[in-house]
Every structure is written in structure tokens, then in C-alpha cells.
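# Architecture and fold: a report
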Amino acid sequence: MIKLNVEKIKNTPGESIKADYDVQINELIDEGETINLSDNLKINLLAKNTGSEILVSGKIETALKMMCGRCLTETDCPIDIDFEEIFVHKSKAEYIDNSDDDIIFFEGNNIHLDQIVAKNIILNMPIRTFCDEECKGICPQCGINLNEEKCSCVQDNIDPRMEVLKKLLK
Ligand SMILES: [Zn+2]
Ligand SMILES: [Zn+2]
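I will try to describe carefully the structure that is included in this document. (Residues numbered from 1 in each chain as written. Chains lettered and ligands numbered in written order. Predicted model: local features only at pLDDT ≥ 70, side-chain atom pairs only at ≥ 80, totals over all residues. Heavy atoms only, no water.)

## A short note on the pairing of strand β5 (residues 41–49)
It is a general feature of regular strands that their side chains alternate between the two faces of the sheet. With burial as the criterion, only one face of β5 is covered, namely that bearing L41, I43, L45, A47 and N49; the residues K42, N44, L46 and K48 on the opposite face remain uncovered. Sheet analysis places strand β2 (residues 16–23) next to β5, joined by 8 bridges and oriented antiparallel. Looking across to β5, one finds that D22 is bridged to K42. Across 8 bridges, the pairing between β5 and strand β6 (residues 54–67) is antiparallel. Within β6, the residue paired with K42 across the bridge is E61. Joining the antiparallel neighbours β5 and β6 is a turn of 4 residues, in which G51 adopts a positive phi near 115 degrees. (Buried < 20%, exposed > 50% of the residue type's maximum accessible area, 1.4 Å probe, protein only. Helix = DSSP H or I, 4+ residues; strand = E, 2+ residues; numbered from the N terminus. Pairing = 2+ DSSP bridges.)

Put into C-alpha cells, the structure is as follows:
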């Protein structure tokens, strides 16, 4: 759990605090989705009491353990994102327009950061990543990793219509 103690600022409009984190954490979970990290999770943030809310903004830096989109080997994907989230203390919930989904309520003196970090990473995660721009991928016929080995399969891109024809001729 990554927590931010806002006791000093939560009742003082205009007040702000800075916080830096550098934690070793292997995975983050958000709504059933697991994100595997291959580097420390670094967060630099500024929390500011704006009067009715606590605005938390900052930077998240880490690396994700992902699979290369071509050869399926594990590869690190660096992440460096800016985020901004609005927190409101539960006791003030009735004064807040609840239609705003972006508001996160908190109780006591601590804001929990795990979930917003996970959410922001998921939002900014690349759909595909490659171990190398030049990755040759795996052979669609024998499954060999073509970056490591060569196979003797015939690498031709057969038109699917030709494929049907080929079958008929057999
Ligand atoms: Zn690859
Ligand atoms: Zn092959």
C-alpha cells in the first residue's frame, strides 16, 4: 500500500505538500487487471488543498514487464507519465457534485495511491511493445524464435485464396 498522509493540509485551504516515493513492488492490481513491474515504482507528487478538494498531481516512473508483440519474450517497457487526481474527504461528500466520476473519496488522514497509480499506468500503457524494433518474431509454422535460430520453413505469404486452391490440388 502506498499512502499519502494529508493530515497537515486537509483542513487548510491553500496548503500543499510534496512527496516522493521509490518503492520496490512487483505488481499492481486494478479492477482485476494485474500489472507486472520490472523496476522500482517512483512517484513524485504535489498535493494541494484547493478549498473543497485535494488535488494530487505528479509523475509516475517505472518499467512494465510485458511480452514482445512479435516473439513473445519478456521485455521491459519504460513508463513515464504525468497524472492528476482529485480527492475529497468523505465528510465533505455531501457538498460535492456526485455526478463527477473522477472524484475519489478518502477517509481519515490517508490517501491511498495504489489504485490511481495502477489506473494511470493502464491508461498510458502501450498496446504492443517489441523487444527490439528489428525483432523478427516467431515462425508461424514451427514456432521457433527467429531472433535466436533459423528454421527451414518456407516463409512465404500465401494468399488465403491460394491456400484453398492448394488444398484442392492435394
Ligand atoms: Zn521480440
Ligand atoms: Zn519455421
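Right, picking up where we left off after that structure.
## Section: the coordination of the zinc ion (ligand 2)
Looking at the metal site, the zinc ion (ligand 2) is ligated by C139 (SG), C142 (SG), C151 (SG) and C153 (SG), spaced 2.3 Å from it. Taken together, the 4 donor atoms coordinating the zinc ion (ligand 2) and their angles of 107 to 111 degrees define a geometry best described as tetrahedral. In terms of primary sequence, the donors binding the zinc ion (ligand 2) are separated according to C-x2-C-x8-C-x1-C. In this pair, C142 is assigned in the loop between α1 (114–124) and α2 (160–169) and C153 in the loop between α1 and α2, connecting sequence segments 11 residues apart. Among the residues examined, C142 registers a relative accessible area of 39% and is labelled partly exposed. (Donors = N, O, S within 2.8 Å, 3.2 Å for Na, K, Ca; no water. Tetrahedral: all angles 85-135°; square planar, octahedral: opposite > 155°, others 65-115°.)

## Overview of the coordination of the zinc ion (ligand 1)
Put simply, a metal with four donors set out as a tetrahedron has ideal angles of 109.5 degrees, and one with six donors set out as an octahedron has ideal angles of 90 or 180 degrees. With distances of 2.2 to 2.3 Å, the protein atoms coordinating the zinc ion (ligand 1) are C68 (SG), C71 (SG), C131 (SG) and C135 (SG). Each of the 4 donor atoms around the zinc ion (ligand 1) contributes to a set of angles spanning 106 to 114 degrees, which defines the coordination as tetrahedral. Here the donor residues of the zinc ion (ligand 1) are spaced in sequence according to C-x2-C-x59-C-x3-C. Of this pair, C71 sits in the loop between β6 and β7 (74–89) while C135 sits in the loop between α1 and α2, placing them 64 residues apart in sequence. The pair C71 / C135 is uniform in exposure class, with both members buried.

## Considering unusual backbone geometry
The phi torsion at E31 lies on the positive side, around 45 degrees, for a residue other than glycine. Of note in this structure, L72 is not a glycine but carries a positive phi near 65 degrees. Mapped onto the secondary structure, L72 falls in the loop between β6 and β7.

## A look at the environment of L46
Within the secondary structure, L46 sits in strand β5. Sequence spacing of L46 and S16 is 30 residues, and the spatial spacing of their C-alpha atoms is 6.9 Å. Those residues in contact with L46, other than ones at most four positions away along the chain, are S16, I17, K18, L55, V56 and S57. (Contact = heavy atoms within 4.5 Å.)

## Here's the deal with the nonpolar core
A general feature of soluble globular proteins is that nonpolar side chains tend to end up buried together. Counting residues in hydrophobic clusters, the biggest one holds 32 residues, and the most contacted among them are L4, L45, I54, V56, I111 and L113. For this core, the secondary structure elements donating two or more residues are β2, β5, β6, β7 and α1. Not counting chain neighbours up to four residues away, the residues in contact with L113 comprise I2, L4, Y21 and L45. (Core = buried A, V, L, I, M, F, W, Y, C linked by side-chain atoms within 4.5 Å.)

## Brief notes about the side chain of T75
As for its position among the elements, T75 is in strand β7. When its relative accessible area of 9% is taken as the criterion, T75 is described as buried.

## Quick word on the layout of surface pockets
Summary: where empty space remains is shown by rolling a probe the size of a single water molecule over the atoms. Quantified by volume, the largest pocket comes out at close to 340 Å³. Along its surface, the largest pocket is lined by 16 residues, and F87, I104, H112, Q115 and I116 are the ones closest to its centre. Elements with a minimum of two residues in the lining of the largest pocket: β8 (103–106), β9 (110–112) and α1. Ranked by residue count, the leading element in the lining of the largest pocket is α1, at 4 residues. (1 Å grid on protein atoms, 1.4 Å probe; cavity = no way out; pocket = protein on both sides within 12 Å on 5 of 7 lines; lining within 4 Å. Points joined across faces, edges and corners; volume = space filled by probe spheres on them.)

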